[in-house]
Amino acid sequence: MSTKTFLRNGAAGFLFLTGVTAPQRRAVGRLSIATFHRVLHEAERQAYPFPGLAVTPEELDAFLAYFTEYFDCGTLARQHERYLGSEATARPLLALTFDDAQHDNYRNARPLLARHHIKATFFAPVIAVERQELLWHDRMGFAVLALLQQPRGGRERLMEILANAGLSGNGPLSLVRNAVHEAKGLALEARLHLVEELAAAADGSHPPEFARLMTFGELAELAADGHEIGSHSMTHCLMPECDDRALAYEVGESRRILQARLGQPIETFCYPNGNTDARTARAVAGAGYRRAVTTAWGSNGRETDHFRLRRCDMVTEHARDSRGNIVPATVAFRMSGLYPGLK
Ligand SMILES: [Zn+2]
């Protein structure tokens, strides 16, 4: 364990014991929203290009135990309405959200949510679900990993394709994360072209079965359980890049299709990659949604715009103690906003 982690855990323990970061002090009168992405077993997480975006079922179980002890948990639609209605609750309000409608959420999160009696919100990117096609960053990530594992010349081929797209793969993270981060800066066409080229070069290697998305049928089962389904756009595009027509399609058509498929009102929108601006927020409000979430860190108060709600991304590496367990003190430290480097 690094000195930094040691100091962090020490500070977390002290602040929790003294009540400084305790939810009953920090989160009262506010709406907190937790974000999860994938829920993968450890062996799957090791094979996933972005392990930091995944929690294991055991880790999710620990997060859920913490949440039920300290918060009043529910879907975002329900918790937001209760918050707006100034409902008095014994514990502070927390909504749980899962992005991208990954099948692992259905397989691994659903039973745990049932066991903890928690309802959550799942955000579905409609075209990816419809076509059962991985989101571009996952396709790119798996192709990069496959190229790196090719015995002869895979890495050279990879670096050549990245260089042709104007990317270096250099940066503070792993090669695959650096490359995907750089690819977000490309224009849409160039980005999609790059993904196709990498997938073609990694030819013969298919993303593993565990990486697939939920079907509409599985989303409908979650809705029938009492979970909320929200829209995560049609194409998982970076919304500020869309012109007005594309924007109307991304927000309006995704809402229409999900409502038709699920028979549930679709009231919540999640900006892909968290990217938004005044124009996109207006488009979401205009399409009939009641709220939208970003990836900006923090909890929400009276001052927060309903169409730019803040969330707390649940990253395991920031919530572990020295033995690797998820413990209340470190989660509370992270969610309190006092944790260094969040702003
Ligand atoms: Zn997403």
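Residues numbered from 1 in each chain as written. Predicted model: local features only at pLDDT ≥ 70, side-chain atom pairs only at ≥ 80, totals over all residues.

Concerning the overall build of the protein
Counting its regular elements, the protein contains 15 helices and 10 strands. Over its C-alpha trace the protein gives a radius of gyration of 20 Å, about what one expects of a compact globule, namely 20 Å for 343 residues. With the principal axes as the frame, the protein shows a C-alpha extent of 60 × 50 × 35 Å. In the protein, which comprises 343 residues, the proportion classed as buried is 46%. Of all intrachain contacts in the protein linking residues separated by at least 6 positions in sequence, the fraction that spans at least 24 positions is 64%. (Helix = DSSP H or I, 4+ residues; strand = E, 2+ residues; numbered from the N terminus. Rg over C-alpha atoms; globule rule 2.2 N^0.38 Å. Buried ≥ 20, exposed ≤ 12 C-beta atoms within 10 Å, placed from the backbone. Contact = placed C-beta atoms within 7 Å.)

A few points about helix α4 (residues 57-70)
Between the first and last C-alpha of α4 there are 20 Å, a value that for 14 residues agrees with the 20 Å anticipated at 1.5 Å per step. Listing the buried residues of α4 in full gives Glu59, Leu60, Ala62, Phe63, Leu64, Tyr66, Phe67 and Tyr70. (Expected span 1.5 Å × (residues − 1).)

Overview of the nonpolar core
Among the nonpolar cores identified, the biggest contains 94 residues, and Phe63, Phe67, Phe122, Ala124, Val144 and Ala292 are the most heavily contacted of them. Mapped onto the domain boundaries, this core takes at least three residues apiece from domain 1 (3-133 + 209-336) and domain 2 (136-201). For Phe67, the contacting residues outside a window of four places in its chain are Ala34, Cys73 and Leu94. (Core = buried A, V, L, I, M, F, W, Y, C linked by C-beta atoms within 7 Å. Domains from an automatic or database assignment.)

A short note on the pairing of strand β6 (residues 121-124)
Because side chains alternate across β6, one face comprises the buried residues Thr121 and Phe123, and the other comprises Phe122 and Ala124, equally buried. In this structure, strand β5 (residues 93-99) lies alongside β6, joined through three bridges in parallel fashion. Considered in β6, the bridge of Asp99 is made with Phe123. Taken together, β5, helix α6 (residues 103-115) and β6 constitute a β-α-β crossover, and its handedness is right-handed. With four bridges joining them, β6 and strand β7 (residues 228-231) adopt parallel strand pairing. Counterpart to Ala124 in the pairing with β7 is Ser231. (Pairing = 2+ DSSP bridges. Right-handed = clockwise from strand over helix to strand, strands pointing away.)

Brief notes about the environment of Met214
Among the structural elements, Met214 can be located in the loop between α11 (188-201) and α12 (216-225). Take Met214: there are 25 C-beta atoms within 10 Å of it, and that puts it in the buried class. Put simply, Met214 and Glu130 are 84 residues apart on the chain and 9.3 Å apart in space, counted from C-alpha to C-alpha. Dropping the residues within four chain positions of it, Met214 is found in contact with Ala101, Gln102, His103, Asn105, Tyr106, Val129 and Leu219.

A word on the pairing of strand β9 (residues 291-297)
Pairing of strand β8 (residues 268-270) with β9 involves three bridges; the strand directions are parallel. Within β9, the position partnered with Thr268 by the bridge is Arg291. For the crossover from β8 across helix α14 (residues 278-286) to β9, the handedness is right-handed. Taken together, the two bridges between β9 and strand β10 (residues 309-313) define a ladder with parallel strand orientation.

Points about unusual backbone geometry
What is expected of a backbone is that most residues other than glycine have negative phi and most peptide bonds are trans. For Ala101, which is not glycine, the phi torsion reads 55° and is therefore positive. For Ala101, the location among the structural elements is in the loop between β5 and α6. Owing to 25 C-beta atoms within 10 Å, Ala101 belongs among the buried residues under this scheme. The backbone of His117 shows a phi angle near 55°, a positive value even though the residue is not glycine.

A word on the domain arrangement of the protein
Per the domain assignment, the segments of the protein are domain 1 (3-133 + 209-336) and domain 2 (136-201). Put simply, the middle of domain 1 and the middle of domain 2, counted by C-alpha atoms, are 28 Å apart. Residue-level contacts link five residues of domain 1 with eight residues of domain 2. Of the residues in the side of domain 1 that touches domain 2, the class split is four nonpolar, no polar and one charged. (Nonpolar A, V, L, I, M, F, W, Y, C, P; charged D, E, K, R; others polar.)

Describing the packing of helix α13 (residues 244-262) against α14
Packing of α13 against α14 leaves a shortest axis separation of 9 Å and a crossing angle of 45°. Comparing their axes, α14 and α13 come out oblique. Relative to α14, the crossing made by α13 is right-handed. Between α13 and α14, the contacting residues are Leu247, Ala248 and Val251 on the first element and Thr280, Ala283 and Val284 on the second. In terms of residue class, the contact of α13 with α14 is built from five nonpolar, one polar and no charged. (Axes fitted to C-alpha atoms, helices over the stretch in contact; angles between N-to-C directions. Parallel < 35°, antiparallel > 145°, perpendicular 65-115°, else oblique. Left-handed = near helix turned anticlockwise from the far one by under 90°.)

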